[in-house]
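Fold and contact review
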Amino acid sequence: MNLVQLTRHDHAGLRIDPVRAAAAAATVHMVPLVLGEIRKLAPHFPIVLAKDGETGQFYPAALLGLEPHENLFWTGETFDAAQVPLNLLRLPFFIGDGAICIDADSPAITPDGPCAIVESDGSDSAYLRSIQAILSDLAGQQEATRRFVDALVARRLVVELTLDVAFANGAKAKLSGLYGIDEQALARDPAIMADFGDVLTPAAMVFSLDHIASLVRRKNTRLAAEAQWFGKPA
Amino acid sequence: MPREINSVCIVGGGSAGWLTAGLIAARHGGPGGLKITLVESVRLGIIGVGEGTWPTMRHTLHKIGISETDFIRACSASFKQGAKFAGWQTGAADDFYYHPLVLPEGFPDLDLAPYWQAAGEGPNTPSFSDAVCFQEFLCENNLAPKLITSPEYAGIANYAYHLDAVRLGELLHAHCVDKLGVEHIDDDIIAVERSENGDIRAVVGQRNGAIEADLFVDCSGFSSLLLGQTLGVPFCDRSDILFIDRALAVQVPYPDADCPIVSHTVSTAQRHGWIWDIGLQHRRGVGYVYSSRHVGTDRVEEELARYVGAGFDRLESREIKIHSGHREIFWKNNCVAVGLAAGFLEPLEASALVLVELSADYIATAMPATRAGMDIVARRFNTMTRYRWDRVIEFLKLHYVLSERQDSAFWRDNRDPASIPDDLRDQLELWRHAPPGEHDFTSAHEMFPAASYQYVLYGMGFRMDDAALARRVRQPDAARDGFERTARMKQKLGATMPTNRALLGKLAEYRFQPI
């Protein structure tokens, strides 16, 4: 990773292939989310809470793999999901010190990339404008996301998840450090959240955990493919 | 119609008073509960010497309802992972051992002590505490027992705290009054009124007049105003076993803002006693405890100055008298004493606050519903609490009995058989042939686990006889695995744990989560 501030002077001629940008997340098993996208993503990924290793504070995240460094949605070429979290869509761009930065080492920077940063008339490209919109959305929702998570913790709606999963080849995985919504606590007193909309998001997180099974299925498919590759029976 | 217990009055507002108020109020306060009042003379002030806790304090604060982050911030607290005893066995420069808070690997199912001894000792073999437990490694490297991602009151390694006792009193005061509905009265008590049956009917404040209650908790400190002075319960002097009767304490600033915060209590033996060294966030607390029968204050001040080093002249030292001992009983009529009013011993192994916690917790849990029931609870409390004092006294004495120091009468007198309690002598006889185990400690109210005795015994050079040893090394594979697990834990934690100071710095900005 080599973050540099995006400038018209240095980067006007840059071309990007957004599909390859997600390669940066090929070995990422969790993507942080903002509040507004939780309900949209819950039908596609398990949505959990995890703790930031530096600050200890909870953040919502989409689970992409069943062990660290495993992304079961990355096929090697594309991110195979109907909805993509904003933190993947923004790649290879970042926010640093309030300015837009780009990972100068990203494989998405390629002369044959379909997307330009700057149009021939000198204006920002539609692609860049969409990236700007995503980045400002991510920054703009940070405070609301933090308040949402704080409310869940303060109302004791957060519980540690213990996930013991077994795969078709007999291997097992035990995930730790993941937290979810206490379904019983929420059911006991839905009025604990300020309004109906505030209840829907944690409820969506509860249902989203069904997708752990989809992750196991993806992993089994991957294990079977690997077994075939190595010529062993699956 | 039995007389109900509806009100509790705690007399005294130090750590003992407020911890007791907090534990009782958390269980019995609020609407429809007991009326809980704490009377103290703010003018009198508090002793505030207790700066080291046991891991029990985590549970206590959690019960009272204080968040760990708030506690650590308010009390300048730091993490304590046990004690390092330097110079206790021989006084040589490399003489030290640890009493960590984590049990030996596999204990009690697996007992590594005989295997460790059987492996023999040489210049490159690890000490007992280092061989069987990873915590000494954390301590020696100033590493914290937990991460910023660890939940409140939970850790990777077992831990207690170093804290500023005055600030703890202030924090508990605010919490008890604001959150738990404890009524606080600042007054000077000028008289105590009795009932016909000998009970305390009321304490009389200079400004508030009579303050009545069904149960009085005496947390008045050394003066033992209610239990000792009013009810006349005699003091049981134990200085025939534990000679320490004075402390000379100073507060030492850190040389710079980045210097390590040591995550264990350092107890360094001196010619006439020992020096405690406790690292808080903003300063160290250091004190020389000694026996005034064996040495004068001048000599002690000299040795303390040498220990503290440059800048000692500018520090204000404070002398504290210690009467080693406790009341003959602790609960009489409708009055129970907690804290210094019940008794006090030298601060070795930080037994003061834990005895407060255990006593207050029992009072809260077993709170009698009626005056008739109180006599039954009092009898049980007295038996249990006396047992606890006896065990603490024996465990403290053990540190002296095992010493080989010859450099003063203080150390030699400590090994005089006449000063050693019979129960301790019995244990030592058995431990010559077998390591301390659960079977040696059968009460539900034990203070120190068998593992603690192992750490002190084998840290101070006590060994089992060879014949006994040969019969106790029957699972060499399991033992090897145990030693290897300890070594692996050191490697793993060495790579992941932050320093004590780094974690405390982070806590100034971020909070531990409740889960």
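Remember, predicted model here, so these are calculated numbers, not experimental data.

1. Considering the pairing of strand β1 (residues 7–11) of chain B
Residues and elements named next belong to chain B. Among the five residues of β1, four are classified as buried, and the element is accordingly described as predominantly covered. Looking at chain direction, β1 and strand β2 (residues 35–40) are connected through five bridges and run parallel. Its bridge partner lying in β2, V8 is registered against I36. Between the parallel pair β1 and β2, the chain is carried across by helix α1 (residues 15–28), and the sense of this crossover is right-handed. Pairing of β1 with strand β11 (residues 215–218), which is carried by four bridges, proceeds in the parallel orientation. Across the sheet, V11 pairs through a bridge with D218, a residue of β11.

2. Remarks on the environment of B:R271
In this structure, B:R271 sits in the loop between β14 (265–270) and β15 (273–279). Along the primary structure B:R271 and B:R405 are separated by 134 residues, whereas in three dimensions their C-alpha atoms are 8.7 Å apart.

3. Points about the sheet that holds strand β9 (residues 158–160) of chain A
Residues and elements named next belong to chain A. Taken in spatial order, the five strands line up as β3-β5-β4-β12-β9 in an open sheet, and their pairing is antiparallel. Here the strands that pair on one side only, and so sit at the sheet edges, are β3 (30–32) and β9. Along the sheet, successive strands turn relative to each other by an average axial angle of 45°, direction set aside. In the sheet, strand β4 (residues 47–51) pairs with strand β12 (residues 178–181) via two bridges, with the strands oriented antiparallel. Bridge pairing links L49 to Y179 in β12.

4. A look at the domain arrangement of chain B
All names here are of chain B. Split into domains, chain B comes out as domain 1 (7–51 + 164–237 + 324–391) and domain 2 (246–321). Using only C-alpha atoms to locate each centre, domain 1 and domain 2 end up separated by 30 Å. Counting residues at the interface gives six residues for domain 1 and eight residues for domain 2. Looking at the side of domain 1 that touches domain 2 residue by residue, the classes come out as three nonpolar, no polar and three charged.

5. Quick notes on the packing of α1(B) against helix α2 (residues 56–64) of chain B
Residues and elements named next belong to chain B. Interaxial distance between α1 and α2 falls to 8 Å at its minimum, and their mutual angle equals 55°. Accordingly, the angle class assigned to the pair α1 and α2 is oblique. With respect to the hand of their crossing, α1 and α2 are arranged in left-handed fashion. Mapping the contact onto sequence places L19, G22, L23 and A26 in α1 and T60, K63 and I64 in α2. Counted by class, the contact of α1 with α2 contains four nonpolar, two polar and one charged residues.

6. Considerations on unusual backbone geometry
The omega torsion across A:L91 and A:P92 is 5°, close enough to zero to call that bond cis. Here A:P92 shows up in the loop between α4 (86–89) and β6 (93–96). Across the junction of B:F107 and B:P108, the peptide omega takes the value 5°, indicating a cis bond. Tracing the backbone through its elements, the reader meets B:P108 in the loop between β5 (96–100) and α4 (113–118). A positive phi angle, close to 55°, is found at B:N142, a residue other than glycine. Of the residues examined, B:N142 has 19 C-beta atoms within 10 Å and is grouped as partly exposed. Of note in this structure, B:Y153 is not a glycine but carries a positive phi near 65°.

Conventions and cut-offs
- Residues numbered from 1 in each chain as written.
- Chains lettered and ligands numbered in written order.
- Predicted model: local features only at pLDDT ≥ 70, side-chain atom pairs only at ≥ 80, totals over all residues.
- Buried ≥ 20, exposed ≤ 12 C-beta atoms within 10 Å, placed from the backbone.
- Helix = DSSP H or I, 4+ residues; strand = E, 2+ residues; numbered from the N terminus.
- Pairing = 2+ DSSP bridges.
- Right-handed = clockwise from strand over helix to strand, strands pointing away.
- Axes fitted to C-alpha atoms, helices over the stretch in contact; angles between N-to-C directions.
- Domains from an automatic or database assignment.
- Contact = placed C-beta atoms within 7 Å.
- Nonpolar A, V, L, I, M, F, W, Y, C, P; charged D, E, K, R; others polar.
- Parallel < 35°, antiparallel > 145°, perpendicular 65-115°, else oblique.
- Left-handed = near helix turned anticlockwise from the far one by under 90°.

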